[in-house]
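Chain by chain, the residues:
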Amino acid sequence: MERLFGLHPVREALRARRRRLHRLLLRDDRSQDEPLRKLAQQAEVAVETPGAVAFDRLLPTGARHQGLALEAEALPELTLEALLARLPEAASSSIVALDGVEDPRNVGAIARVAEGAGVAALLLTLRRAPPLSPLLSRASAGAIEHLPVARTPNLRRALGLLQQHGFWSLGADASAGDALFETPDRLWQGKLVVVLGAEGRGFRGGVSRALDHRVRIPMAGQVASLNVASAAALILYERL
């Protein structure tokens, strides 16, 4: 059992219904909560309004809960094979794969960008990747509730399998020769896996060798690179 808190994660979990939902908890009986009550009714989720003291005891100290929480089971995760079986047949399908991005806030921000850019799924590793926690859901503003997530024990092999299914892999690399905004159109056509590495460490050797192409984001100032979520936004919207 998990407790999601905050307006966006709670609302999107009720809208998406990708996990089992148990109780919607409202700190006060407020009129502005009526849209959430309707979503809960549609999802056949019970609504309770515990007092302020009882409500606050249910959540972590200092949580910015906005007066509402949702008790739910964990988000489902897929194997890569199961994900491939359910991906749309569209020739422009895209996936975001993360290599060693461990901060749930970064992964949540990437999920928000990916879902907004129409990405079909997020691919994480079994190790060196965070769980799909309430913190990650909040960091994604609830976008992770809509975005399918697959886990793989070996990202290098996963890229090989995706390539067998017609995907082209593109990695963000500060040392790449090609600048993002000067890449030829052919790199963005067809099925694409955008691969992002950990800040500071970049890609592991096997993953780097498995990439079809690498691009760098041009930097006009003094800093060498962007936050990984900002890099994801630039690359995904350039492709879009």
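As the structure is a computational prediction, the values presented were derived from the model and not from experiment.

Caption draft 1: Just the environment of alanine 176, in detail. Within the secondary structure, alanine 176 sits in the loop between strand S9 (167–172) and strand S10 (178–179). A sequence separation of 41 residues divides alanine 176 from isoleucine 217, and the C-alpha atoms of the two residues are 8.9 Å apart. Leaving out residues up to four positions away in the same chain, alanine 176 has contacts with Arg214, Val215 and Arg216.

Caption draft 2: Summary view of the nonpolar core. Core analysis: the biggest nonpolar cluster contains 34 residues, and Val96, Leu98, Ile110, Leu122 and Leu196 have the highest contact counts within it. Contributions of two or more residues to this core are made by strand S6 (94–99), helix H5 (104–116), strand S7 (121–125), strand S11 (191–197) and helix H9 (228–239). Counting 21 residues, the second largest nonpolar core, distinct from the first, contains Leu123, Ala158, Leu159 and Leu162.

Caption draft 3: Expanded view of the side chain of arginine 19. Inspection of the secondary structure puts arginine 19 in the loop between helix H1 (7–16) and strand S2 (21–26). Taking the relative accessible area as the measure of exposure, arginine 19 reaches 6% and is therefore buried. Looking at arginine 19, its side chain comes within polar contact range of the main-chain oxygen of glutamate 73, at 2.9 Å. Only 2.7 Å separates the side chain of arginine 19 from the side chain of glutamate 145, close enough to count as a polar contact. Excluding residues within four positions of it along the chain, arginine 19 makes contact with Glu2, Leu4, Ala72, Glu73, Ala74, Leu75, Pro76 and Glu145.

Caption draft 4: Examining H9 more closely. Taking 1.5 Å per residue, 12 residues should reach 16 Å; H9 reaches 16 Å between its end C-alpha atoms and fits that length. Of all the residues in H9, the buried ones are Val228, Ala229, Ala231, Ala232, Ile235, Leu236 and Arg239. The buried residues of H9 occupy an angular sector of 155° when projected down its axis, which confines them to one face. In this structure, the buried side of H9 is in contact with S6, H5, S9 and S11. The opening residue of H9 is asparagine 227, an N-cap whose side-chain oxygen sits 2.7 Å from the backbone nitrogen of alanine 229.

Caption draft 5: Representation of the pairing of S2 within the structure. Across five bridges, the pairing between S2 and strand S4 (residues 68–72) is antiparallel. Its bridge partner being in S4, arginine 23 is matched across the sheet by glutamate 71. Where S2 lies against strand S3 (residues 46–48), three bridges are found, and the strand directions are parallel. Counterpart to leucine 25 in the pairing with S3 is glutamate 48.

Caption draft 6: Examining unusual backbone geometry more closely. Residue glutamate 44 is not a glycine yet carries a positive backbone phi of 60°. As for its placement among the helices and strands, glutamate 44 is situated in the loop between helix H2 (34–42) and S3. The backbone of arginine 128 shows a phi angle near 60°, a positive value even though the residue is not glycine. Along the chain, the position of arginine 128 falls in the loop between S7 and helix H6 (134–139).

Criteria and thresholds
Residues numbered from 1 in each chain as written. Predicted model: local features only at pLDDT ≥ 70, side-chain atom pairs only at ≥ 80, totals over all residues. Heavy atoms only, no water. Helix = DSSP H or I, 4+ residues; strand = E, 2+ residues; numbered from the N terminus. Contact = heavy atoms within 4.5 Å. Core = buried A, V, L, I, M, F, W, Y, C linked by side-chain atoms within 4.5 Å. Buried < 20%, exposed > 50% of the residue type's maximum accessible area, 1.4 Å probe, protein only. Polar contact = N/O pair within 3.5 Å; in protein donor to acceptor, adjacent residues only side chain to side chain. Expected span 1.5 Å × (residues − 1). Arc of directions from axis to C-beta. Pairing = 2+ DSSP bridges.

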